[in-house]
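Chain by chain, the residues run as shown.
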Amino acid sequence: MSDVHDYAAVGVGPANLSLAALGAGVENLRGAHFEARTSFSWHPGLLLPEATLQVSPFKDLVTPVDPTSPYSFLAFLAGEGRIYQFLTARFPAVLRTEFDQYLQWASRKIPAIEFGTEVRSVTERDGYFVIGSERGEVTARNVVLGTGQTPLVPAFLRPHLGADMFHAEEFLTRPRELSGRAVAVVGGGQSGAEIVRHLMRLAEPPLSITWITRRPGFLPMDDSPFTNEYFFPEYAREFHGLPRPRRQELLAEQKYASDGIDLDTLRDVYRERYRHECLLGRKDWLRLATRSEVTGCARLPDGWELELRGPGPTLVRADVVVLATGYEYRLPGCMSGLAHRLARTADGLVVGDDFSLSLSGETAGRVYLQNGARHAWGVADPNLSLLAWRSAVILNAILGYRRYNT
Ligand SMILES: Cc1cc2nc3c(=O)[nH]c(=O)nc-3n(C[C@H](O)[C@H](O)[C@H](O)COP(=O)(O)OP(=O)(O)OC[C@H]3O[C@@H](n4cnc5c(N)ncnc54)[C@H](O)[C@@H]3O)c2cc1C
Ligand SMILES: NC(=O)c1ccc[n+]([C@@H]2O[C@H](COP(=O)([O-])OP(=O)(O)OC[C@H]3O[C@@H](n4cnc5c(N)ncnc54)[C@H](OP(=O)(O)O)[C@@H]3O)[C@@H](O)[C@H]2O)c1
């Protein structure tokens, strides 16, 4: 069939943008990439001006597997005429806003990305996959899912979601009245920390901030050299080959290698607290609740009352509640027609050593999964570190030969 694409990519965040960038360098490869948003945007609700990248900018879309690619971060800096300023500025870490600009730049240069196209269905016809959207249908031998993770909100809080109780993912996406109000931030990971720092630096800050975490403290990310080897391809392969119980043990052990708070953000929060408490005399302005799980919530006439299980006060009143409560992987709705054919274990989908899903029945190709297999590939799976490597592994599998050295 001449109109069959080699692959169709569903969702274009950094993961499938990397696939598109590496695929663009392969002759005679026909890929189609569909993104629901009208242009590229990297977690826009959390694109806080002071937030920085947690990894080296060389872990970009392409460099670890193809440093000569025209879609590297260095090519972006040179192309935008800012490489000397960038090098001279010697940023300790690249701003997320700049990395977002890089990703946007790449998304405009890479061909075959259709923005404003939400994939509604992936079905199978005559052994090929049919990708359906409002714009029609595309047929492809393979599908690469890159739809990202879904914000995680405790079930009892979901009915309360709205203007004054929302997931961190929406922090910047609509204007909010925060100054002079009591704000509670739930979650002791990087998103919670970045929001607390941001609130503390507002020209017209909140009346008070209560930062709640069920972790034993505001724990730092382990960014030390040997720990960082968990983010190497060799380690990911080793992890993938381990039996399931061992993988689960290691995930718990390695949690803070990926989900701790980076030390600079923690220091900033501490210094802001010092400034507010000691220099401005705002005692008890930032309240900290550790080992505290939010277990209930009541709507008051003028705000919220959160119920906490932990060593401190059991009730917290707030006008605004920000839920920095993390993310989880969910198979996208467009896959509902194929979901019953996918093999699973108790902790998630079965993902092979080329990131393909185990799909029963006869098809010409496969469905590959980006950023949905922490249980199978380890703490590096949702991270940028292995983005280019994983895309290269998937492309090699689609091509049937070793185009990239993985
Ligand atoms: C605020 C934040 C900052 C982060 N910073 C870092 C960092 O510094 N370093 C690091 O290593 N990791 C970081 N991460 C983790 C990880 O790198 C990011 O989550 C990254 O964006 C994951 O890329 P992705 O492409 O898998 O998913 P996403 O970025 O979530 O992209 C998925 C895309 O799929 C689209 N989509 C979904 N469904 C459909 C559909 N049916 N049809 C069409 N399109 C669809 C969405 O609109 C979205 O654009 C961060 C995570 C967060 C939340
Ligand atoms: N600038 C950046 O680079 C940047 C910015 C943001 C995020 N990220 C990355 O994105 C990933 C997600 O980060 P995240 O901070 O959004 O999520 P996260 O690391 O999963 O943190 C979620 C937090 O919410 C807590 N929590 C959940 N439910 C709770 C409840 N009912 N009561 C109290 N606490 C509750 C969790 O506790 P438990 O730990 O006990 O579950 C955890 O502390 C991480 O890998 C992070 O590094 C990067």
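In the block above lies the structure referred to throughout.
(A) Main features of the sheet that holds strand 12 (residues 293–300). Strand order in the open sheet formed by three strands is 12-13-14, with antiparallel pairing between adjacent strands. At either margin of the open sheet sits one strand with a lone partner, and together these are strand 12 and strand 14 (315–318). Along the sheet, successive strands turn relative to each other by an average axial angle of 25°, direction set aside. Relative to strand 14, strand 13 (residues 303–309) runs antiparallel, the two being bridged by four bridges. Its bridge partner being in strand 14, Glu-307 is matched across the sheet by Leu-315.

(B) Geometry of the site of ligand 2. Taken together, 24 residues lie near ligand 2, and Ser-191, Glu-194, Arg-215, Lys-255 and Asp-259 sit nearest. Within the backbone of Val-294, one N or O atom sits 2.9 Å away from a nitrogen atom of ligand 2. Those elements that provide at least two residues to the shell around ligand 2 are helix 5 (190–200), helix 8 (255–259) and strand 12. Counted by class, the shell around ligand 2 contains five nonpolar, 12 polar and seven charged residues. Looking at the shell around ligand 2, you find at least three residues from each of domain 1 (4–149 + 329–399) and domain 2 (151–220 + 260–323).

(C) Representation of empty space enclosed by the protein within the structure. Overall, the coordinates contain one cavity of 30 Å³ or more when judged by the stated rule. Here the largest cavity is characterised by a volume of approximately 50 Å³. Of the residues assigned to the lining of the largest cavity, the class counts are six nonpolar, no polar and two charged.

Parameters at a glance
Residues numbered from 1 in each chain as written. Chains lettered and ligands numbered in written order. Predicted model: local features only at pLDDT ≥ 70, side-chain atom pairs only at ≥ 80, totals over all residues. Heavy atoms only, no water. Pairing = 2+ DSSP bridges. Helix = DSSP H or I, 4+ residues; strand = E, 2+ residues; numbered from the N terminus. Axes fitted to C-alpha atoms, helices over the stretch in contact; angles between N-to-C directions. Near = heavy atom within 4 Å. Polar contact = N/O pair within 3.5 Å; in protein donor to acceptor, adjacent residues only side chain to side chain. Nonpolar A, V, L, I, M, F, W, Y, C, P; charged D, E, K, R; others polar. Domains from an automatic or database assignment. 1 Å grid on protein atoms, 1.4 Å probe; cavity = no way out; pocket = protein on both sides within 12 Å on 5 of 7 lines; lining within 4 Å. Points joined across faces, edges and corners; volume = space filled by probe spheres on them.

Treat this as a map of the structure, not an account of what it does.
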